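# A closer look at the structure
Take a look at the letters that make up each chain.
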Amino acid sequence: MIIDSADLDVKSAYKLLIGSVIPRPIAWVSTLSTEGVGNLAPISFFTVVGRKPPRISLSFQPRSDGATLKDSFVNIRDTGEFVTNMATLPQIEGLNRSAFEFEPDVDEFDAVGLEKVPSEAVRPPRIKGAPIAFECTVEHIFSAPDGLNNAVWGNVVRFYIRDDLYVGGRIDFGAIAPVGRLAAEYTLVNNAFGTPLDPEVIKEHSERRMERLDQKDTYYSPIDTPHWSPSGSTTSLD
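Report on the accompanying structure. (Residues numbered from 1 in each chain as written. Predicted model: local features only at pLDDT ≥ 70, side-chain atom pairs only at ≥ 80, totals over all residues. Heavy atoms only, no water.)

### Structural notes on the nonpolar core
Ranked by internal contacts, the top residues of the largest apolar core, which has 20 residues, are V29, I43, I56, L58, F60, I76 and F82. For this core, the elements supplying multiple residues, two or more each, are β2 (27–32), β3 (38–43), β5 (54–60), α2 (71–79), β9 (132–143) and β10 (150–161). Excluding its chain neighbours within four sequence positions, the residues that come into contact with I43 are P25, I26, A27, V29, L58, S59 and F60. Counting 13 residues, the second largest nonpolar core, distinct from the first, contains I26, L95, F102 and V179. (Core = buried A, V, L, I, M, F, W, Y, C linked by side-chain atoms within 4.5 Å. Buried < 20%, exposed > 50% of the residue type's maximum accessible area, 1.4 Å probe, protein only. Helix = DSSP H or I, 4+ residues; strand = E, 2+ residues; numbered from the N terminus. Contact = heavy atoms within 4.5 Å.)

As structure tokens, then:
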């Protein structure tokens, strides 16, 4: 099938993008408003864009109403600081709940039951229990003409790495249980390999469907539910 992107509305294009760019790492972003209210947001349009200085990027869409900026972006824009925490399986429920669109005056750490840990170099706190976190300051903000879609480049000024994961200058990622994004769902990264692989192993894993860990139907997708929106947020805490 060939699809002309000019024929797609925002929702249709978003479905194709998030179902095709997989798996996506999740930046679990913690920020503070100018009034000091804590905010959390899982952002899966996230990647590394530089090494010296170490730099990451986050891309923000508007809230589910399509017309209002997300609190996390507003906080980053207004304060120039944020923390990117690693998303892992032990905290998946808190991660998922933090995608709910709370009102700006709600401290989301309290709302989803997570504890704050003071950062070393920026005001926003880290998430207690996150095995890795980047304390960041804003380098640049890129805004689309509509002003609603924005990308942030942030310089990592401090790395927090749990002691047991720091091995000779590298990360022992096999001990983390990282979680990524598949369309509107999650995936547990629980295997690793180098090449070449045995052809039988390739055949075995290429010809079978991905395993579901939640006992839902084979073809289930949150995209087909009324709580999903093309914003990366959810309108439900369930």
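### A closer look at the sheet that holds β10
Taken together, 7 strands build an open sheet; the order of strands is β3-β2-β6-β9-β10-β5-β4 and the sheet is antiparallel. Pairing within the sheet leaves two strands with one partner each, and these edge strands are β3 and β4 (46–51). The average angle at which neighbouring strand axes cross in this sheet is 35°, direction not considered. When strand β6 (residues 81–86) meets β9, the two strands line up antiparallel, connected through 5 bridges. Its bridge partner being in β9, V83 is matched across the sheet by E135. On the sheet, α2 packs against β2, β3, β5, β6, β9 and β10 and is oriented at approximately 55° with respect to β2. (Pairing = 2+ DSSP bridges. Axes fitted to C-alpha atoms, helices over the stretch in contact; angles between N-to-C directions.)

### Looking at the pairing of β9
The pairing of β9 with β10 spans 11 bridges and is classified as antiparallel. Counted as the bridge partner of S143 is N150 from β10. Between the antiparallel neighbours β9 and β10 lie 6 residues, among them G147 with a positive phi of about 75°.

### Examining a nonpolar patch on the surface
On the surface, F193, L197, V201 and I202 cluster together to form a nonpolar patch covering roughly 340 Å² of accessible area. On the accessibility criterion, I202 (41% relative accessible area) is partly exposed. (Patch = residues over 30% accessible without salt bridge, like charges linked within 9 Å, V, L, I, M, F, W, Y side chains within 5 Å. Areas by Shrake-Rupley, 256 points an atom, 1.4 Å probe, with all protein chains shown as cover. Salt bridge = Lys/Arg side-chain N within 4 Å of Asp/Glu carboxyl O.)

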